[in-house]
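# Report on the structure
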Number of protein chains: 2
Amino acid sequence: MAFKEILSNIVQEMKGEALGSILMDKEGISVEKVETDGKVTDIETIAMGYSVVLKDIFKAAEMIKAGEVSEVFIKSASHSVIMRVLDENYFIALFLKPSGNMGKGRFLLRTASAEIKKEI
Amino acid sequence: MAFKEILSNIVQEMKGEALGSILMDKEGISVEKVETDGKVTDIETIAMGYSVVLKDIFKAAEMIKAGEVSEVFIKSASHSVIMRVLDENYFIALFLKPSGNMGKGRFLLRTASAEIKKEI
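Residues numbered from 1 in each chain as written. Chains lettered and ligands numbered in written order. Predicted model: local features only at pLDDT ≥ 70, side-chain atom pairs only at ≥ 80, totals over all residues. Heavy atoms only, no water.

## Quick notes on the interface of chain B and chain A
We apply this condition: For this analysis, residues touch if any pair of their heavy atoms sits within 4.5 Å. Here's the idea: put two parts together, see how much 1.4 Å probe accessible area each one loses, and the total over both is what we call buried area. In what follows, salt bridge is the name for a side-chain nitrogen of Lys or Arg lying within 4 Å of a carboxyl oxygen of Asp or Glu. Secondary structure elements follow DSSP: runs of H or I no shorter than four residues count as helices, runs of E no shorter than two count as strands, and numbering proceeds from the N terminus. Classification convention: Asp, Glu, Lys, Arg as charged; Ala, Val, Leu, Ile, Met, Phe, Trp, Tyr, Cys, Pro as nonpolar; all other residues, Gly among them, as polar. Paired strands, in this sense, are two strands between which DSSP finds at least two bridges.
The interface of chain B with chain A comprises 27 residues on the first partner and 27 residues on the second. Regarding the contact of chain B and chain A, the summed buried area is about 2100 Å², with carbon and sulfur atoms giving 67% of it. Looking only at chain B, the three residues that lose the most surface to chain A are B:I64, B:F73 and B:K75, adding up to 25% of its buried area. Put simply, chain B and chain A have zero salt bridges between them. For the side of chain B that touches chain A, the leading source of residues is helix α2 (residues 43–63) of chain B, giving nine residues. Among the residues making up the side of chain B that touches chain A, the classes are represented as 14 nonpolar, seven polar and six charged. With seven bridges joining them, strand β3 (residues 69–76) of chain A and strand β3 (residues 69–76) of chain B adopt antiparallel strand pairing. Across the sheet, the residue bridging to A:K75 is B:E71, located in β3(B).

As structure tokens, then:
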């Protein structure tokens with residue numbers, strides 16, 4: 001399945017609770033993305049900001065010997081983001097409205113990650 | 001209710017899935033903590049590492065205009081951590097075994113946060 005289709009599926013399954021989904025490399029460059037209603041005005045810029053956060057988290061995890069980081073969730077006033085680390089080079093992120101169901105988002109992202117991993 | 005009691009309650013309610021819980025200030029200094037089986041060898045050092053991560057996240061959130069950050073979840077090979085921001089000075093963290101129920105942890109932490117906020 002194409003990346004775009006996988007990302008679209010997640011967003012559709014969230015039934016109006018998602019703002020978008022993106023597949024990025026570790027430098028914060030978008031490989032593929034799906035945006036919905038434009039509430040997160042520029043999903044690419046925002047995801048790039050979070051890619052920097054992920055690097056900070058990896059650094060901290062190494063420092064405290066936490067082992068590999070697989071998943072990060074951040075809830076802010078304007079949105080929630082769930083990120084899954086696919087491998088050392090790629091991660092996938094799902095943006096939800098603040099009221100979005102995080103448990104469902106995690107589940108969908110886990111399934112999508114398995115599909116994307118087959119392709120990369 | 002004393003902070004120690006509130007933190008203990010969370011850990012007990014997790015029924016063996018928690019590694020510990022801690023109330024910290026924004027500089028990473030522990031106000032109160034509860035540790036369980038020592039799998040997270042030094043919860044205070046680890047939480048201090050995460051307090052640095054929180055600062056990085058706050059900075060990124062400001063940059064991308066995400067609004068106030070209220071909650072962060074990070075899953076790594078050795079543990080999961082759920083952090084809730086109480087106010088501009090304090091946060092509370094719950095450490096779970098990698099298999100720990102994150103949804104339950106979030107719920108307990110939310111309840112505990114409301115109790116702690118009454119006292120600080």
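## A look at the relation of the copies chain B and chain A
For clarity, the threshold we go by: For the least-squares superposition of copies, only C-alpha atoms count, and only for residues with pLDDT at least 70 in both.
Here chain B sits on chain A after a turn of 180° about the axis and a move of 0.0 Å along it, with an RMSD of 0.0 Å. Each copy turns onto its partner about a two-fold axis. Within chain B, the C-alpha atom positioned nearest to the axis of rotation is that of B:F73, 2.4 Å from it. Most of the interface of chain B is mirrored in chain A, where 100% of its interface residues are also at the interface.

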